[in-house]
Amino acid sequence: MPFIKIYIHLVFSTSERTPFLNTLDLRVKIWKHIKENASTKGIFIDMVNGYSDHCHCLISLGSDQNIEKIVQLIKGESSHWINKNQLTRERFCWQDEYFAVSVSESKVELVRNYIKNQEKHHQHKSFADEYQEFIEKYNFKM
């Protein structure tokens with residue numbers, strides 16, 4: 001049996017960054033569903049949270065998993081579930097793009113706390129600003 005611990009910080013937004021997830025109750029329901037559904041598919045989500053227009057996940061990859069497939073499963077199933085249960089007024093959809101970076105074991109607790117405190121964090125900073133900071137911090141080319 002292989003012993004693997006590869007953490008990924010995954011961030012994805014709603015389509016056109018529309019604030020579909022505009023209440024805390026709705027977000028809690030969706031984050032809970034994402035985590036529970038991922039577990040049934042063998043995807044380990046350590047932490048999930050976000051704000052009105054985006055989601056953060058701290059994921060531990062398994063030996064037979066890749067980021068693209070995990071993102072597809074999480075986003076596709078949750079969109080379907082949100083629409084099936086009519087949790088938003090308009091048809092819900094996640095944006096195609098996403099952001100994913102590896103997380104060092106020594107930084108896992110820092111990332112957990114960052115994800116856990118999204119409500120407070122976004123009282124002071126928009127997701128657009130946060131996204132731009134990620135692009136610059138991790139030197140992604142646009």
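Since we're looking at a predicted model, the values are computed, not measured. (Residues numbered from 1 in each chain as written. Predicted model: local features only at pLDDT ≥ 70, side-chain atom pairs only at ≥ 80, totals over all residues. Heavy atoms only, no water.)

Trainee: Help me get a handle on the environment of Thr40, residues and values and all.
Mentor: Along the chain, the position of Thr40 falls in helix H1 (residues 24–40). Sequence separation between Thr40 and Ser104 is 64 residues, and the spatial gap between their C-alpha atoms is 26 Å. (Helix = DSSP H or I, 4+ residues; strand = E, 2+ residues; numbered from the N terminus.)

Trainee: Help me get a handle on the pattern of salt bridges, residues and values and all.
Mentor: For the structure on display, the rule yields five salt bridges. Note that Arg27 is salt-bridged to Glu119, the shortest N-O span being 2.9 Å. Here Glu119 lies in helix H4 (residues 118–121) and Arg27 lies in helix H1, a separation of 92 residues in the sequence. By relative accessible area, Glu119 is classed as partly exposed at 23%. Of the charged contacts in the structure, one is a salt bridge between Glu109 and Arg112, with a shortest N-O distance of 2.8 Å. Of this pair, Glu109 and Arg112 both sit in helix H3 (residues 108–116), three residues apart, which is roughly one turn of that helix. Residue classification places Glu109 among the partly exposed positions, given a relative accessible area of 43%. Using a relative accessible area of 21% as the deciding quantity, one classes Arg112 as partly exposed. Through salt bridges that share partners, Asp46, Glu109 and Arg112 make up one connected network. (Salt bridge = Lys/Arg side-chain N within 4 Å of Asp/Glu carboxyl O. Buried < 20%, exposed > 50% of the residue type's maximum accessible area, 1.4 Å probe, protein only.)

Trainee: Provide a residue-level description of the sheet that holds strand E2 (residues 44–51), including the pertinent values.
Mentor: Sheet strands associate in pairs through backbone hydrogen bonding, adopting either a parallel or an antiparallel arrangement. Within the open sheet, the four strands sit side by side as E2-E3-E1-E4. Their pairing is antiparallel. Looking at strand neighbours, the two that pair on one side only are E2 and strand E4 (94–103), the edges of this open sheet. Strand-to-strand twist of the sheet, defined as the mean angle between neighbouring strand axes without regard to direction, takes the value 20°. Those strands touched by H1 are E2, strand E3 (54–61) and E4, and its axis lies near 160° from that of E2. (Pairing = 2+ DSSP bridges. Axes fitted to C-alpha atoms, helices over the stretch in contact; angles between N-to-C directions. Contact = heavy atoms within 4.5 Å.)

Trainee: Tell me about the pairing of strand E1 (residues 6–14), residues and numbers included.
Mentor: Within E1, eight of the nine residues are buried, which leaves the element mostly enclosed by the surrounding structure. Looking at chain direction, E1 and E4 are connected through seven bridges and run antiparallel. Following the sheet pairing, His9 is matched in E4 by Val101.

Don't take any of this as a statement about function, it's just geometry.
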